[in-house]
Amino acid sequence: ALEETGAADEALTAYKRVLVTKPADTTALLKLGTLYLAKGDAAGATEFMSQTVKQQPNSALAHLLLARAMIQAGNLASAESELGVLQRIMPDNELV
């Protein structure tokens, strides 16, 4: 995949193109959120991870990455709320 070759900008463009025709594509939403998080763009990461969570409300990964984006943005109260959702999704996980 493009993001693995260091071509993050091309990957961003490619995943955004997917969303033009498939706006609810959770793979593209998740990948975009992850790429924005890696770039340090908390607002972009939060936007796409929020959309991912709406599409996949039981995705532990999506909630975790959304919490990370919120922490990166300095929105600790919202991040704590997302981590609470993560605990409800994975109650037996000691790492949560």
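Predicted, not measured: the structure shown is a model, and the values here were computed from it.

The rules behind the values
- Here the residue index of a chain counts from 1 through its sequence in written order.
- The predicted origin of the model limits local features to residues at a pLDDT of at least 70 and limits the giving and counting of side-chain atom pairs to 80 or more, whereas totals for whole chains, interfaces and linings rest on all residues.
- Only hydrogens and water are set aside when side-chain values are computed; all heavy atoms of the structure are taken into account.
- Each salt bridge in this description consists of a side-chain nitrogen of Lys or Arg and a carboxyl oxygen of Asp or Glu lying within 4 Å of one another.
- The helix count covers DSSP runs of H or I at least four residues long, the strand count covers runs of E at least two residues long, and both are numbered beginning at the N terminus.
- A patch is a set of surface residues, each over 30% in relative accessible area and not in a salt bridge, joined within 9 Å for like charges and within 5 Å for the nonpolar side chains Val, Leu, Ile, Met, Phe, Trp and Tyr.
- Under the convention used here, a 1.4 Å probe and the Shrake-Rupley method define accessible areas, while residue burial counts only the protein chains that appear.
- Known as pLDDT, the predictor's per-residue confidence is scaled from 0 to 100.
- Working convention: axes come from line fits to C-alpha atoms, limited for helices to the stretch in contact. Angles between N-to-C directions cover 0 to 180 degrees.
- Just so you know how the angles are binned, under 35 degrees is roughly parallel, over 145 roughly antiparallel, 65 to 115 roughly perpendicular, and the rest oblique.
- Definitions for this section: a left-handed crossing has its near helix turned counterclockwise from the far helix by less than a right angle. A right-handed crossing has that turn clockwise.
- Throughout, a contact is declared for two residues whenever any of their heavy atoms are within 4.5 Å.
- Note on residue categories: nonpolar means Ala, Val, Leu, Ile, Met, Phe, Trp, Tyr, Cys or Pro, charged means Asp, Glu, Lys or Arg, and polar means any other residue, Gly included.
- Each aromatic pair joins two rings of Phe, Tyr and Trp (for Trp, the six-membered one) with centres within 6.5 Å, and gets the label stacked for planes under 30 degrees apart, edge-to-face for over 60, and tilted for any other angle.
- Using a 1.4 Å probe on the protein chains alone, a residue whose accessible area is under 20% of its type maximum counts as buried, one over 50% counts as exposed, and one in between counts as partly exposed.

So, the pattern of salt bridges
Pairing between side chains of opposite charge can happen when the charged atoms of each approach one another. Applying the stated criterion to the full structure yields 1 salt bridge. A salt bridge links K39 to D9, with the shortest nitrogen-to-oxygen separation between them at 3.3 Å. With K39 in helix 2 (residues 26-39) and D9 in helix 1 (residues 8-21), this residue pair connects regions lying 30 residues apart in the sequence.

Looking at a nonpolar patch on the surface
A surface patch of nonpolar side chains, about 230 Å² in accessible area, is lined by L61, L64 and L83. Tracing the backbone shows L61 in helix 4 (residues 60-72).

Description of the confidence of the model for the protein
Scored by pLDDT, the protein comes out at a mean of 90, with 93% of its residues at no less than 70. Per-residue pLDDT, averaged within each element of the protein, yields its smallest value for helix 1 (93) and its largest for helix 3 (residues 42-55) (96).

Regarding the packing of helix 2 against helix 3
Where helix 2 contacts helix 3, the axes come no closer than 8 Å and their chain directions differ by 150°. Looking at the two axes, helix 2 sits roughly antiparallel to helix 3. Between helix 2 and helix 3 lies a crossing of left-handed hand. Two secondary-structure elements touch here, helix 2 through T26, L29, L30, L32, G33, T34, Y36 and L37 and helix 3 through G44, A45, F48, M49, Q51, T52 and Q55. Of the residues assigned to the contact of helix 2 with helix 3, the class counts are 8 nonpolar, 7 polar and no charged.

What about the packing of aromatic side chains?
In the structure shown here, the tally under the stated rule is 1 aromatic pair. When the ring of Y36 is compared with that of F48, the centres are 5.6 Å apart and the planes differ by 5°; the resulting orientation is stacked. Of the two residues, Y36 is situated in helix 2 and F48 in helix 3; the sequence distance between them amounts to 12 residues. Classification of Y36 by relative accessible area gives buried; the value is 10%. Exposure remark for F48: the relative accessible area of 9% places this residue in the buried category.

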